Amino acid sequence: MTTARKKPEKVWGFTAASFFGMIAIFIAKYLVDFLLLPAIWPQFYPSTGAAFLLWLVTSLIATIASMLWVTRFGYFYPVADIIYALCVAIWPLGLYGTAEFWPSLLAGLAAAIILWVIQRITLWIFILVGFMRM
C-alpha cells in the first residue's frame, strides 16, 4: 500500500519557509542594489542608464531564482515587492540619484511596480514553458 505524498506547497512549514525565503531574497536584492553594486562600480552611480540596467538585471535574477528555487506562488511576490519598496523608502542610500527629484516613497513604489511587472512576465513565461513541455 502506498501513501499519497503531499506536494511540498501543501505542507504549512514549506509554505512558511517559502514566504520567508522570498522575503530574504528581496532583502538581499536590496543590499546588492544599494550597497554592493555601487561599491563595485561607483562610476555608474548614483544616476546613469547603466545603474538602472544593473537594477533591472538584479531584478530579473532575483525573480528567476525565486521562481526556480523558492516558489511560484504569485501572492508571495507582491509582499516581497512591498518589503523591497519599504526598504527603499526607509533607507534610500542615495536612491540612484532620484532622491533629489522624487520622495523616496514614490521611488520605492515605482520599483515595486516595475518588479511586479517583471515577475508577472517571468511567471507567464514559466507557465508557457510548462505547457509546452506537457
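To be clear, the structure that these remarks concern was listed above.
1. Section: the packing of aromatic side chains
No. 1: This model, assessed by the stated rule, comprises 6 aromatic pairs.
No. 2: Relative to Tyr84, the ring of Tyr30 lies with its centre 6.2 Å away and its plane at 80 degrees, an arrangement referred to as edge-to-face. One end of the pair, Tyr30, is in helix α1 (residues 12-40); the other, Tyr84, is in helix α3 (residues 76-90), and 54 residues separate them in sequence. Like Tyr84, Tyr30 is buried.

2. Here we look at helix α2 (residues 49-69)
No. 1: Counted at 1.5 Å a residue, the expected span for α2 with its 21 residues is 30 Å, and the 30 Å between its end C-alpha atoms agrees.
No. 2: Every buried residue of α2 is accounted for by Ala51, Leu54, Trp55, Thr58, Ser59, Ala62, Thr63, Ala65, Ser66 and Met67.

3. Brief notes about the environment of Phe20
No. 1: Among the structural elements, Phe20 can be located in helix α1.
No. 2: Here the alpha-carbon distance between Phe20 and Ala80, two residues 60 residues apart in the chain, equals 9.1 Å.

4. As for the layout of surface pockets
No. 1: Here the second largest pocket is characterised by a volume of approximately 160 Å³.
No. 2: Taken together, Ile25, Ala28, Lys29, Val32, Leu54, Val57, Thr58, Ile61, Ala62 and Ala65 make up the full set of residues lining the second largest pocket.
No. 3: Secondary structure elements with two or more residues in the lining of the second largest pocket: α1 and α2.
No. 4: Classifying every residue of the lining of the second largest pocket gives 8 nonpolar, 1 polar and 1 charged.

5. Re the environment of Ala89
No. 1: In this structure, Ala89 sits in helix α3.
No. 2: Take Ala89: its relative accessible area is 17%, and that puts it in the buried class.
No. 3: Measuring from C-alpha to C-alpha, the distance between Ala89 and Gly108 comes to 5.5 Å, with 19 residues separating the pair along the chain.
No. 4: Not counting residues up to four positions away in its chain, the partners in contact with Ala89 are Ser104 and Leu105.

6. Considering a nonpolar patch on the surface
No. 1: Residues Leu106, Leu109, Ile113, Trp116, Val117, Ile121, Ile125 and Val129 make up a contiguous nonpolar surface patch of roughly 720 Å² in combined accessible area.
No. 2: Looking at the element boundaries, Trp116 is found in helix α4 (residues 104-133).
No. 3: Taking the relative accessible area as the measure of exposure, Trp116 reaches 40% and is therefore partly exposed.

7. A look at the nonpolar core
No. 1: Counting residues in hydrophobic clusters, the biggest one holds 19 residues, and the most contacted among them are Met22, Phe26, Tyr30 and Tyr84.
No. 2: Counting residues per element, this core draws most heavily on α3, at 6 residues.

8. Description of the packing of α3 against α4
No. 1: Across the interface, α3 lies against α4 with an axial gap of 8 Å and an inter-helix angle of 155 degrees. With respect to their mutual orientation, α3 and α4 come out roughly antiparallel. As α3 packs across α4, the resulting crossing turns out to be right-handed. For the pair α3 and α4, contact is made by Tyr77, Pro78, Asp81, Tyr84, Ala85, Val88 and Ala89 and by Ser104, Leu105, Ala107, Gly108, Leu109, Ala111, Ala112, Leu115, Trp116, Gln119 and Arg120, respectively.
No. 2: Of the residues belonging to the contact of α3 with α4, the class tally is 13 nonpolar, 3 polar and 2 charged.

9. Some words on the environment of Thr58
No. 1: By secondary structure assignment, the location of Thr58 is in helix α2.
No. 2: Once the C-alpha coordinates of Thr58 and Lys29 are considered, the two residues, 29 residues apart in sequence, prove to be 6.9 Å apart.
No. 3: With residues near it in sequence (within four places) discarded, Thr58 still touches Lys29, Val32, Asp33 and Leu37.

What counts and how
- Note on numbering: residues in each chain are counted from 1, in written sequence order.
- Given that the model is predicted, a residue must reach a pLDDT of at least 70 before its local features are reported, and side-chain atom pairs must reach 80 or more before they are shown or counted; all residues, however, enter totals for whole chains, interfaces and linings.
- Only hydrogens and water are set aside; all other atoms, that is, all heavy atoms of the structure, feed into the side-chain values.
- Any two of the Phe, Tyr and Trp rings considered here, Trp counted by its six-membered ring, make a pair once their centres fall within 6.5 Å; the pair's planes then place it as stacked at under 30 degrees, edge-to-face at over 60, or tilted in between.
- What counts as a helix is a DSSP run of H or I of at least four residues, what counts as a strand is a run of E of at least two, and both are numbered from the N terminus.
- For the exposure calls, accessible area comes from a 1.4 Å probe over protein chains only, and a residue counts as buried if that area is under 20% of its type's maximum, exposed if over 50%, partly exposed in between.
- One less than the residue count of a helix, multiplied by 1.5 Å, gives the span that helix is expected to have.
- Using a 1 Å grid laid over the protein atoms alone, points where a 1.4 Å probe fits but cannot get out form a cavity; open sets with protein on both sides within 12 Å along at least 5 of 7 lines form a pocket; any residue with an atom within 4 Å of a point counts as lining.
- Grid points are joined across faces, edges and corners, and a volume is the space filled by probe spheres set on the points.
- Each residue is assigned to one class: nonpolar for Ala, Val, Leu, Ile, Met, Phe, Trp, Tyr, Cys and Pro, charged for Asp, Glu, Lys and Arg, and polar for all the others, Gly among them.
- Here, residues are in contact when the closest pair of their heavy atoms is within 4.5 Å.
- Patch criteria: residues need more than 30% relative accessible area and no salt bridge. Like-charged residues are merged within 9 Å; nonpolar side chains of Val, Leu, Ile, Met, Phe, Trp and Tyr are merged within 5 Å.
- The accessible surface values rely on the Shrake-Rupley method and a 1.4 Å probe; as for residues, cover is taken only from the protein chains in view.
- A pairing counts as a salt bridge when a side-chain nitrogen of Lys or Arg comes within 4 Å of a carboxyl oxygen of Asp or Glu.
- What is meant by a nonpolar core is a set of buried Ala, Val, Leu, Ile, Met, Phe, Trp, Tyr and Cys residues, joined one to another through side-chain atoms within 4.5 Å.
- Axis angles are defined between N-to-C directions and span 0 to 180 degrees, where every axis is a line fitted to C-alpha atoms and, for a helix, only to the segment in contact.
- Note that the term roughly parallel is reserved for angles under 35 degrees, roughly antiparallel for angles over 145, roughly perpendicular for angles of 65 to 115, and oblique for everything else.
- Definitions for this section: a left-handed crossing has its near helix turned counterclockwise from the far helix by less than a right angle. A right-handed crossing has that turn clockwise.

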